[in-house]
Amino acid sequence: MESFDFDKHTSSEYNTELEEIRTHLLKMGGKAEMQLRLVIDAMKQHSVDLANDILSQGDDIDQMEIDLDQECTRIIARRQPAASDLRLIVAVMKSITDIERIGDETEKMADLLKPLFKRNFRSQYYGEIDQLAQQVLTHLSSSLNALARLDAELAITMAKKDQLIDARFDALNGHLIKRMIKSPEQVKPYLHLSQCAQSLARIGDHAKNICENVVYLVMGQDVRHTDIDEVRKQLF
Amino acid sequence: MVKNMNKALLSKPSGLVEQALKVNKQTTTEDALNIDYTATVGQPNCQNAKFSTQNVNVYYANNQAIHDVSLDIGAHEVIALIGPSGCGKSTYLRCLNRMNDTIDICRVEGQILLDQENIYHQKQDPVLLRARVGMVFQKPNPFPKSIYDNVAYGPRIHGLTSNKAELDELVEASLIKAGLFQEVKDRLQAPGTGLSGGQQQRLCIARTIAVQPEVILMDEPASALDPIATAKIEELINELKENFTIVIVTHSMQQAARVSQRTAYFHMGRLIEVGDTNQIFTNPAHELTEKYITGRFG
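Residues numbered from 1 in each chain as written. Chains lettered and ligands numbered in written order. Predicted model: local features only at pLDDT ≥ 70, side-chain atom pairs only at ≥ 80, totals over all residues. Heavy atoms only, no water.

The name given to chain B in an unreviewed UniProt entry is Phosphate ABC transporter ATP-binding protein (PhoT family), and the organism recorded there is Marinicella litoralis.

Chain A appears in an unreviewed UniProt entry as Phosphate-specific transport system accessory protein PhoU from Marinicella litoralis. Quoted verbatim from the Subcellular location (unreviewed entry) field of UniProt, the annotation for chain A is "Cytoplasm". (UniProt positions renumbered as here; feature names shortened; annotations may be inferred.)

Engineer: Honestly, the overall build of chain B in this entry has me stumped. Any pointers?
Structural biologist: Assigned secondary structure in chain B consists of 13 helices and 11 strands. Taking all 298 residues of chain B together, 55% fall into the buried category. At a minimum sequence separation of 6, the contacts of chain B that also span at least 24 residues come to 71%. For chain B, the exposed area adds up to about 12900 Å²; of that, 49% sits on carbon and sulfur atoms. (Helix = DSSP H or I, 4+ residues; strand = E, 2+ residues; numbered from the N terminus. Buried < 20%, exposed > 50% of the residue type's maximum accessible area, 1.4 Å probe, protein only. Contact = heavy atoms within 4.5 Å. Areas by Shrake-Rupley, 256 points an atom, 1.4 Å probe, with all protein chains shown as cover.)

Engineer: Can you walk me through the interface of chain A and chain B in this structure?
Structural biologist: A common way to state how big an interface is: give the accessible area lost once the parts meet. Residue-level contacts link 18 residues of chain A with 15 residues of chain B. In total, about 1300 Å² of surface goes out of reach between chain A and chain B, with carbon and sulfur atoms giving 45% of it. Seen at the junction of chain A and chain B, the total is one salt bridge. Put simply, D85(A) and R296(B) hold a salt bridge, and the shortest N to O gap is 2.8 Å. The interface formed by chain A and chain B includes 10 residue pairs in polar contact (both at pLDDT 80 or more). Top element by residues in the side of chain A that touches chain B is helix α3 (residues 83-118) of chain A. It accounts for five residues. (Buried area = accessible area lost by both parts, 1.4 Å probe. Salt bridge = Lys/Arg side-chain N within 4 Å of Asp/Glu carboxyl O. Polar contact = N/O pair within 3.5 Å; in protein donor to acceptor, adjacent residues only side chain to side chain.)

Engineer: Sorry if this is basic, but what is going on with the packing of aromatic side chains here?
Structural biologist: Any pair of aromatic rings gets described here by the distance separating the centres and the angle formed by the planes. All names here are of chain B. Applying the stated criterion across every chain, the model contains five aromatic pairs over all chains. Here F143 and Y153 contribute two aromatic rings whose centre-to-centre distance is 4.9 Å and whose plane-to-plane angle is 70°, an arrangement assigned as edge-to-face. Of this pair, F143 sits in the loop between β7 (133-136) and α6 (147-158) while Y153 sits in helix α6, placing them 10 residues apart in sequence. Each member of the pair, F143 together with Y153, is buried. The ring centre of Y120 lies 5.1 Å from the NZ or CZ of R98, which sits over that ring. If you follow R107 out to its NZ or CZ, it ends over the ring of Y59, 4.2 Å from the centre. (Phe/Tyr/Trp six-rings, centres within 6.5 Å; stacked < 30°, edge-to-face > 60°. Lys NZ or Arg CZ within 6 Å of the ring centre and 35° of its normal.)

Engineer: Looking at this structure, I do not really get empty space enclosed by the protein. What am I missing?
Structural biologist: Picture a little ball the size of a water molecule; that probe, rolled over the atoms, points out where space is still empty. Residues and elements named next belong to chain A. All told, the structure shown has one cavity of 30 Å³ or more when counted by the stated rule. Computed from the structure, the largest cavity encloses a volume of approximately 40 Å³. The wall of the largest cavity is formed by R22, L25, L26, L88, V92, L147, L150 and L217. Within the residue set of the lining of the largest cavity, elements represented by two or more residues are α1 (12-45) and α3. Of the residues forming the lining of the largest cavity, the biggest block, three residues, is contributed by α1. In terms of residue class, the lining of the largest cavity is built from seven nonpolar, no polar and one charged. (1 Å grid on protein atoms, 1.4 Å probe; cavity = no way out; pocket = protein on both sides within 12 Å on 5 of 7 lines; lining within 4 Å. Points joined across faces, edges and corners; volume = space filled by probe spheres on them. Nonpolar A, V, L, I, M, F, W, Y, C, P; charged D, E, K, R; others polar.)

Engineer: I would appreciate a short explanation of the nonpolar core in the present structure.
Structural biologist: Proteins that are soluble and globular tend to have nonpolar side chains buried together. Ranked by size, the top nonpolar core spans 76 residues in total, and within it I21(A), L113(A) and L193(A) carry the most contacts. When residues of this core are traced back to their parent elements, those giving at least two are α1, α2 (48-79), α3, α4 (125-149), α5 (152-182), α6 (187-219) and α7 (228-235) of chain A. For this core, the leading source of residues is α6(A), giving 15 residues. Ignoring any residue separated from it by four or fewer positions in sequence, one finds I21(A) in contact with L68(A), E71(A), C72(A), I75(A), L88(A), I89(A) and V92(A). Ranked by size, the runner-up nonpolar core spans 46 residues in total, among them Y37(B), Y148(B), L195(B) and L203(B). (Core = buried A, V, L, I, M, F, W, Y, C linked by side-chain atoms within 4.5 Å.)

Engineer: Any chance you could explain the packing of α3(A) against α4(A) here in plain terms?
Structural biologist: All names here are of chain A. Running from amino to carboxyl end, α3 crosses α4 at an angle of 165°, the nearest separation of the two axes being 14 Å. Between α3 and α4, the crossing angle belongs to the class labelled roughly antiparallel. Relative to α4, the crossing made by α3 is left-handed. Counting all contacts with α3, which are made through I99, I102, L113, L116 and F117, the residues of α4 involved are Y126, L140 and L144. Along the lines of polarity and charge, the residues of the contact of α3 with α4 split into eight nonpolar, no polar and no charged. (Axes fitted to C-alpha atoms, helices over the stretch in contact; angles between N-to-C directions. Parallel < 35°, antiparallel > 145°, perpendicular 65-115°, else oblique. Left-handed = near helix turned anticlockwise from the far one by under 90°.)

Engineer: It is not clear to me how α2(A) should be interpreted in this structure. Could you clarify?
Structural biologist: Residues and elements named next belong to chain A. Here α2 contains 32 residues, and its C-alpha end-to-end distance of 47 Å stays within 8% of the 46 Å for a straight helix at 1.5 Å per residue. At Q57, α2 shows its strongest bend, of approximately 30°. On the buried face of α2, the contacting elements are α1 and α3. The backbone nitrogen of D49 lies 3.4 Å from a side-chain oxygen of the residue at the head of α2, namely S47. Directly after α2, the chain includes Q80, whose backbone phi takes a positive value near 45°. (Expected span 1.5 Å × (residues − 1). Bend = angle between axes of the 7 residues up to and from the residue.)

Engineer: Is there a simple way to explain the sheet that holds strand β2 (residues 49-60) of chain B in this structure?
Structural biologist: The pairing of strands in a sheet comes from backbone hydrogen bonds and takes either a parallel or an antiparallel form. All names here are of chain B. Here four strands make up an open sheet; going across it, the order is β3-β2-β5-β6 and the pairing antiparallel. Edge positions in the sheet fall to β3 (63-74) and β6 (117-118), since each of these pairs with one other strand and no more. Two elements, β2 and strand β5 (residues 106-114), share eight bridges in a ladder whose sense is antiparallel. Each residue of the ladder has a partner; that of Y59, found in β5, is R107. (Pairing = 2+ DSSP bridges.)

This is the structure we're talking about:
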């Protein structure tokens, strides 16, 4: 089923409501993406100010989640959506939870990094975390693109690529653990870096969830907890 | 009186022929609309079929209202027929107990088997068929008689009981099954027409049940009722499926989604898609089904 004319309902008001939730969802996704960019910039500049900016903007994403949740509930109550409209509402309600958690992870990272910046803690691992962060950012951007364009094929490709993020995180975390063992007096800052890396991996997981929501929305198939290669074979 | 009663039972919904003629007009524009239709999508066949209909075509004079519909109706299932006005769903429904026989210009072709027997066979008595395949209409149509006599009417003419006590028992059992007994038990001799709309419709269902049919056809049974009466009818449908096979025509997509196990979507006289109701309402396979259930037909 590939009919996504969300603007072709007999009720023009319904068209507007569905278009609005799509627009607001993409805005919310864009906001989370921007927060992650700020984290990357903050790491590069060791900037406490940028970390504070990230922490102060967390409420915006939370409010967007509440507003979208309410709008989806209202549409369900008033319109009783079916088929692709229903899948859109379900996908939006699930995706906003993931996006809100991405926002939470960026705040958590800002919180973890701030004391390191304050005491001017320097480490070679910032570079590796930056590489992981760049990879996660690309992944998140592509997932949100798949959502914007309702591109199930791109969504499946990106869902598969989450494995690369997990592999990079595992390697990095291994290095950080070794470093902690080697320098027990620096466990705390390295633990913070390890937790940052973990947050990035979690953001990758949330982006993967968004991709799975895109596949559900577009193809009507629930592909959670399923082998991605099998999914690709079945659907394309 | 009996003649009048039969007339009331067989009354056709107003505008049926007009609707059919409208269908034909729409059909002529079908090519222009470029409808993607080659065959019914989904699972028109089922195991344990009560009704098996093959290549059914229905004509009103020269106008074709139903095109080559093949569909099985499983025993003890509730199947909902949905589609826009004039799509042929009521016409198809009325083929199942030969109600279309009452329309002179109507002609039915194809095979309709009930328990493997052809219901259009020349030896088939339509009156006996309608005792096996009962019908409930859009507008409640109780006879201008008492509540008791409304329900007792069918068993009496079909000779289903041998004495008053048996008849009393059957009337009570039918009213209980229709969920009406508690509300009317103290006024069984009161006129059926004095009940509320929802009660009248349940009385009509009790009247249908009283002749112990195997299948109940429902043509928009709740469209004239308020939400509470509608909920009672829907609850009743859910209970009745234990003992009967139910085919329901409805314009309410939510009702189809709530009460049926399978849904069949008709469009311009063709059966476009049929499948599990959960699948039809979350992920329909045909674009026309999608457009209809999401309200995208302009």
